Amino acid sequence: MAARILYGKDFAAKIKEDARLEAEKILKATGVMPGLAVVIAGHDPASEVYVRNKHKACGELGIFSLAVELPETATKEELLARIDDLNRDDRIHGILVQLPLPKGLAAAESEILNRIDPVKDVDGFHPVNVGRLSVGEASLVPCTPAGCVRMLELAEIPIDGARAVIIGRSNIVGKPMMNLLLQRNATVTVCHSHTKDLAAITREADILVAAVGKPGFVTADMVKPGATVIDVGINRIAPKKLVGDVDFEAVSEVAGAITPVPGGVGLLTIAMLMQNTVTAARLQAGAKK
Ligand code: NAD
């Protein structure tokens, strides 16, 4: 039987509408419009599209947005100085540095991201926010895994007691996903490039999350019949062709529910960024009372 297809737009619309309503409430109560600054260095074409999409989403939801553009040749000190300005700027509640950074800055990525004030860290990458998530006191959580978990909740797919398997242990997807599912009482296994007999583990999953970055990596024989399969992967296999990590055609014959690529998780990420910006504004407005 063909799987239920979990289209990101359906869930993203709900997440964005909730963010819009909350932004409106904050504005009425405190006179503060939530604000997001996106810092971009250089001219990576994909990054420029992402930044435009973020700006557009902000406009739709009543969120002030600021694009801070730096040249490809910007120094670490220049970038850190801009982040310091934004940390002090009262109009800005969320700061995001668009990745990847240009070659000359890549080695300083951690130092640059860690310069963002944790209360404005809407990507949830700062060690303070990583720590808060791991002890169950999360406020700003990385957008992609947070969006996936919100989608499961909105789709009424049970997490409590489910066997969840995540393929990929990155700081931006795999590890925060592990914490979010664990907090919702799933039994979680995280697999990675050194995992032995991967298929035997993935076949146990009620919820299988693929965040590997390899097209067609998850095949039908790796999936338990009826499982929910979340495909986080984004792989460009031709100039205009994106695919995920999951062999969608074959796996959708076995799975109970599955996210497509494109049209799945990617849309949730930007919706959660909007929600995180509003959450950050609420927390900062509360702190100033
Ligand atoms: P990453 O490269 O940091 O991590 C990949 C992970 O896959 C690693 O932990 C590695 O151990 C694991 N892996 C690699 N080969 C493996 C193998 N043979 N068996 C088991 N595990 C293996 O990647 P990432 O940043 O987590 O991103 C993963 C994918 O998700 C990429 O395609 C990326 O583009 C995509 N992504 C999408 C969104 C979105 O908004 N939809 C957001 C972030 C990342």
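Here the structure is a predicted model, which is why all the values come from computation and not from measurement. (Residues numbered from 1 in each chain as written. Predicted model: local features only at pLDDT ≥ 70, side-chain atom pairs only at ≥ 80, totals over all residues. Heavy atoms only, no water.)

Chemist: Describe the domain arrangement of the chain, naming the residues involved and giving the relevant values.
Modeler: Per the domain assignment, the segments making up the chain are domain 1 (32-118) and domain 2 (143-265). Here domain 1 and domain 2 have C-alpha centroids that lie 29 Å from each other. (Domains from an automatic or database assignment.)

Chemist: I'd like a description of the sheet that holds strand β4 (residues 94-97), backed by residues and values.
Modeler: Strand pairing in a sheet is mediated by backbone hydrogen bonds. Such pairs are either parallel or antiparallel. Across the sheet, which stays open at both edges, the three strands sit in the order β3-β2-β4 with parallel pairing between neighbours. With partners counted over all chains shown, the strands left at the sheet margins are β3 (64-70) and β4, one partner each. Each neighbouring strand pair of the sheet contributes to a mean axis angle of 15 degrees, computed without reference to strand direction. Across seven bridges, strand β2 (residues 35-41) lies against β3 in parallel orientation. What sits directly across from V38, in β3, is A67. Across the sheet, helix α2 (residues 45-61) is in contact with β2, β3 and β4; its angle to β2 comes to roughly 170 degrees. The strands touched by helix α3 (residues 76-88) are β2, β3 and β4; relative to β3, the strand with the most contacts, the crossing angle is about 165 degrees. (Pairing = 2+ DSSP bridges. Helix = DSSP H or I, 4+ residues; strand = E, 2+ residues; numbered from the N terminus. Axes fitted to C-alpha atoms, helices over the stretch in contact; angles between N-to-C directions. Contact = heavy atoms within 4.5 Å.)

Chemist: Mind laying out the sheet that holds strand β1 (residues 4-5), listing which residues take part and the relevant values?
Modeler: The strand order across the open sheet built from six strands is β1-β11-β8-β7-β5-β6, with neighbouring strands paired in parallel fashion. With one partner strand each, in any of the chains shown, β1 and β6 (187-191) form the two edges of the open sheet. Inspection of the sheet shows strand β5 (residues 163-167) paired to strand β7 (residues 207-210) by four bridges, in the parallel sense. When the sheet's bridge partners are listed, V165 is paired in β7 with L208. Running over the sheet, helix α8 (residues 174-183) touches β5, β6 and β7 and is turned about 170 degrees from β5.

Chemist: Outline α3, listing residues and values.
Modeler: Spanning 13 residues, α3 covers 19 Å between terminal C-alpha atoms, matching the ideal 18 Å at 1.5 Å per step. Within α3, the full set of buried residues consists of L79, L80, I83, L86 and N87. Projected onto a plane normal to the axis of α3, the buried residues spread over an arc of 120 degrees and lie on a single side. Turned more than 90 degrees off the buried face of α3, the exposed positions are E77 and R88. (Expected span 1.5 Å × (residues − 1). Buried < 20%, exposed > 50% of the residue type's maximum accessible area, 1.4 Å probe, protein only. Arc of directions from axis to C-beta.)

Chemist: Report on the nonpolar core, specifying residues and quantitative values.
Modeler: Ranked by internal contacts, the top residues of the largest apolar core, which has 53 residues, are L36, L181, I207, I230, V232 and M274. Of all the secondary-structure elements, those providing two or more residues to this core are α1 (8-30), β2, α2, α7 (143-154), β5, α8, β7 and α11 (265-288). For this core, the element with the highest residue contribution is α11, accounting for ten residues. The residues that make up this core include at least three from each of domain 1 (32-118) and domain 2 (143-265). Dropping the residues within four chain positions of it, M274 is found in contact with A19, L36, K54, A57, C58, L61 and I63. (Core = buried A, V, L, I, M, F, W, Y, C linked by side-chain atoms within 4.5 Å.)

Chemist: How would you summarise the pattern of salt bridges if you had to cite specific residues and measurements?
Modeler: Evaluated as defined, the whole model comprises 15 salt bridges. One salt bridge connects K76 with E111, and the closest N-O pair in it is separated by 3.0 Å. Here K76 is found in helix α3, whereas its partner E111 is found in helix α5 (residues 109-114), with 35 residues between them in sequence. Residue K76 is classed as partly exposed on the basis of its relative accessible area of 26%. Its relative accessible area of 39% is what places E111 among the partly exposed residues. Notably, a salt bridge pairs K224 with D206, separated by 2.8 Å at the nearest N-O pair. (Salt bridge = Lys/Arg side-chain N within 4 Å of Asp/Glu carboxyl O.)

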